[in-house]
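Observations on chain architecture
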Amino acid sequence: SMQFLAHAFQAHHRILCHFAWDYCKDEAYNENGVSTWVSSPLALFEYVLSCHWMWMALAAPIIISLALCLHVVEWVIMNWWLAVPLYLSTTLLFHGLGIRKQQRQIL
């Protein structure tokens, strides 16, 4: 949805403000009252939506993939206390499955 894309493309802003809140204390706005952090992605989306359907179809997977990557990076950074054990348990699980597969091939 457009809301997810807007939210995902503000991940860098939320991460920056989380760790360096002084940087975000004095937000700037354009003549339409839109934050300068929002105006560039908004202009990009408006341009893509005004293009021919073929260009939109080519740009959509790239934009959605980038949004998902930004969303995951933000989630990992903001929830590191949950991401680290999840990563370690997943690594151990797949390592254990790899060892079992090797043992079956030997037999």
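The structure we're discussing is the one just above.
Overview of the structure. The numbering scheme is per chain: residues are counted from 1 as the chain's sequence reads. Selection of residues for local features in this predicted model requires a pLDDT of at least 70, selection of side-chain atom pairs for listing and counting requires 80 or more, and totals for whole chains, interfaces and linings are taken over all residues. Side-chain descriptors were evaluated using all non-hydrogen atoms of the structure, hydrogens and water having been removed beforehand.

1. Some remarks on the side chain of Glu74
Formally: Starting at the N terminus, helices and strands are each numbered in turn, a helix being any DSSP run of H or I of at least four residues and a strand any DSSP run of E of at least two. Contact criterion: two residues are considered in contact whenever any of their non-hydrogen atoms come within 4.5 Å of each other.
Examined against the element boundaries, Glu74 turns out to sit in helix α4 (residues 53-78). Ignoring anything within four residues of it in the chain, the contact list for Glu74 reads His7, Ala11, Arg14 and Ile15.

2. Some details on the pattern of salt bridges
Put simply, the rule reads: In the sections that follow, a salt bridge refers to a side-chain nitrogen of Lys or Arg positioned within 4 Å of a carboxyl oxygen of Asp or Glu. Exposed residues in this analysis have more than 50% of their type's maximum accessible area, buried residues have under 20%, and partly exposed residues fall in between, with area computed by a 1.4 Å probe over protein chains only.
The final tally for this structure, using the stated rule, is two salt bridges. With its nearest N and O atoms 2.6 Å apart, the salt bridge here joins Arg14 to Glu74. With Arg14 in helix α2 (residues 11-19) and Glu74 in helix α4, the pair connects residues that are 60 residues apart, well separated along the chain. Looking at Arg14, the relative accessible area reads 25%, which means it is partly exposed. One salt bridge in this structure joins Lys25 and Asp22, with 3.9 Å as the shortest N-O distance. The exposure class of Lys25 is exposed, given its relative accessible area of 55%. When its relative accessible area of 47% is taken as the criterion, Asp22 is described as partly exposed.

3. Considering the nonpolar core
Inclusion rule: The definition of a nonpolar core used throughout is a set of buried Ala, Val, Leu, Ile, Met, Phe, Trp, Tyr and Cys residues joined through side-chain atoms within 4.5 Å.
By size, the foremost hydrophobic cluster in this structure holds eight residues: Leu5, Ala8, Phe9, Phe45, Val48, Ala59, Ile63 and Ala67. With three residues, α4 is the largest single contributor of residues to this core. With residues near it in sequence (within four places) discarded, Leu5 still touches Phe45, Ile63, Ile64 and Ala67.

4. Let's talk about a nonpolar patch on the surface
Quick reminder of the rule: Candidates for patches are residues over 30% relative accessible area with no salt bridge; among them, like charges are joined within 9 Å and nonpolar side chains (Val, Leu, Ile, Met, Phe, Trp, Tyr) within 5 Å. Surface accessibility follows the Shrake-Rupley procedure with a 1.4 Å probe radius. Residue values consider only the protein chains on display as shielding.
On the surface, a cluster of nonpolar side chains totalling about 1,000 Å² of accessible area is made up of Val72, Trp75, Val76, Trp80, Trp81, Leu82, Val84, Leu86, Tyr87 and Leu88. Among the secondary structure elements, those contributing two or more residues to the nonpolar patch are α4 and α5 (80-106). Among the elements that line the nonpolar patch, the one with the most residues is α5, at seven residues. Inspection of the secondary structure assignment puts Trp75 in helix α4.

5. Some thoughts on the packing of helix α3 (residues 36-50) against α4
A packed helix pair is summarised by two numbers, namely the angle formed by the two axes and the spacing between the axes. Convention followed: Interaxial angle, 0 to 180 degrees, is taken between N-to-C directions of lines fitted to C-alpha atoms, where a helix line uses only the stretch in contact. In this scheme the handedness of a crossing depends on how the near helix is turned from the far one: anticlockwise by less than a right angle means left-handed, clockwise means right-handed. Each residue is assigned to one of three groups, with Ala, Val, Leu, Ile, Met, Phe, Trp, Tyr, Cys and Pro labelled nonpolar, Asp, Glu, Lys and Arg labelled charged, and all others, Gly among them, labelled polar.
Packing of α3 against α4 leaves a shortest axis separation of 9 Å and a crossing angle of 145°. Crossing of α3 against α4: the hand is left-handed. Contact with α3, carried on its side by Phe45, Val48 and Leu49, involves Met56, Ala59 and Ile63 of α4 and no other residues of that element. Taken together, the residues that form the contact of α3 with α4 break down as six nonpolar, no polar and no charged.

So, to be careful, I would describe these as geometric facts and stop short of saying anything about function.
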